[in-house]
Amino acid sequence: MSDAALWEQVMDLAAVVCVFLAAVLSVAAGIGLLRFPDVLSRLHAATKPQIFGLLLVIAAIALDQRSFPTLLALVPVFVFQSLTAPVAAHMVGRAAYRTRQLDADSLVVDELGPAIERSDTLYG
């Protein structure tokens, strides 16, 4: 077996491992969405594994395709997803807080409460 063939097999195995780990993260996120008690915990379960799982899938595709143009096409996908997922989770968390859809007793520090009170008094 030549070194090139061995290198190809190693990269294929690394791609399979990346896809498997991404699948494990997806299952963990799904279980978290079903089992966690409140909105903020569920948001944590949904967003944290999503970004790392996406990174693993992108790595698997890059390892499988072994082409620089494919990698260049995948980088913006990761960047935009990394920028939009936390912002969306933040907005859902704020909406849940404002509509009182979360357990206030589970908050260790409530940093949003004073800001919302100030905005309600200023903008009525």
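All values reported here derive from a predicted model rather than from experimental measurement. (Residues numbered from 1 in each chain as written. Predicted model: local features only at pLDDT ≥ 70, side-chain atom pairs only at ≥ 80, totals over all residues. Heavy atoms only, no water.)

Some remarks on the environment of alanine 22
Using the following cut-off: Segments assigned H or I by DSSP are reported as helices when at least four residues long, segments assigned E as strands when at least two residues long, and all are numbered from the N terminus. Using a 1.4 Å probe on the protein chains alone, a residue whose accessible area is under 20% of its type maximum counts as buried, one over 50% counts as exposed, and one in between counts as partly exposed.
By the element assignment, alanine 22 lies in helix H1 (residues 3–35). Relative accessible area serves as the criterion here: at 5%, alanine 22 is assigned to the buried category. Considering only alpha carbons, one finds alanine 22 and leucine 54, 32 residues apart in sequence, at a separation of 7.2 Å.

Considering unusual backbone geometry
Excluding glycine, residues mostly have negative phi values, and the peptide bonds linking residues are mostly trans. One non-glycine residue with positive phi stands out, namely arginine 66, at about 55°. Judged by its relative accessible area of 30%, arginine 66 is partly exposed. Backbone geometry at arginine 100 places phi at a positive 60°, although glycine is not the residue there. Mapped onto the secondary structure, arginine 100 falls in the loop between helix H3 (68–98) and helix H4 (112–123). Taking the relative accessible area as the measure of exposure, arginine 100 reaches 68% and is therefore exposed.

Side note on the confidence of the model for the chain
What counts here: Each residue carries a pLDDT score, the predictor's own confidence in it, on a scale running from 0 to 100.
Summary statistics for the chain give a mean pLDDT of 88 and a share of 99% for residues scoring 70 or more. Mean pLDDT in the chain bottoms out at H4, which sits at 79, and peaks at H1, which reaches 93.

What to know about a nonpolar patch on the surface
Put simply, the test is: Patch membership is restricted to residues that have no salt bridge and whose relative accessible area is over 30%. Joining uses 9 Å for like charges and 5 Å for the nonpolar side chains Val, Leu, Ile, Met, Phe, Trp and Tyr. Here the Shrake-Rupley method, with its probe set to 1.4 Å, supplies the accessible areas, and only the displayed protein chains count as covering residues. By convention in these notes, a salt bridge is any Lys or Arg side-chain nitrogen within 4 Å of a carboxyl oxygen on Asp or Glu.
Side chains of Phe68, Leu71, Leu72, Val75, Val79, Phe80 and Leu83 sit close together on the surface and give an oily, nonpolar patch of about 680 Å² of accessible area. In this fold, leucine 72 is placed in helix H3.

Some words on the environment of tyrosine 97
Our working rule: Side-chain atoms alone can form a polar contact between residues adjacent in sequence; in general such a contact is a pair of N or O atoms within 3.5 Å, and within protein one must be able to donate a hydrogen while the other accepts it.
Within the secondary structure, tyrosine 97 sits in helix H3. Judged by its relative accessible area of 17%, tyrosine 97 is buried. Considering only alpha carbons, one finds tyrosine 97 and leucine 40, 57 residues apart in sequence, at a separation of 9.1 Å. Of the polar contacts made by the side chain of tyrosine 97, one reaches the backbone nitrogen of glycine 113; its length is 3.3 Å.

Concerning the side chain of threonine 47
The test is simple: Contacts between residues were defined by any pair of non-hydrogen atoms, one from each residue, lying within 4.5 Å.
In this fold, threonine 47 is placed in helix H2 (residues 39–65). For threonine 47, the side chain forms a polar contact with the main-chain oxygen of leucine 43, separated by 2.8 Å. Excluding its chain neighbours within four sequence positions, the residues that come into contact with threonine 47 are Ala85 and Ala89.

Overview of the layout of surface pockets
Stated formally: Cavity means a closed set of points on a 1 Å grid over the protein atoms alone, one where a 1.4 Å probe fits but cannot get out, pocket means an open set with protein on both sides within 12 Å along at least 5 of 7 lines, and lining means a residue has an atom within 4 Å of a point. Grid points are joined across faces, edges and corners, and a volume is the space filled by probe spheres set on the points. Residues were grouped as follows: Ala, Val, Leu, Ile, Met, Phe, Trp, Tyr, Cys and Pro as nonpolar; Asp, Glu, Lys and Arg as charged; and all remaining residues, including Gly, as polar.
For the largest pocket, the calculated volume is near 330 Å³. Taken together, 16 residues form the lining of the largest pocket, with Leu40, Leu43, Ala89, His90 and Gly93 sitting closest to its centre. Within the lining of the largest pocket, the residues separate by chemical class into eight nonpolar, four polar and four charged.

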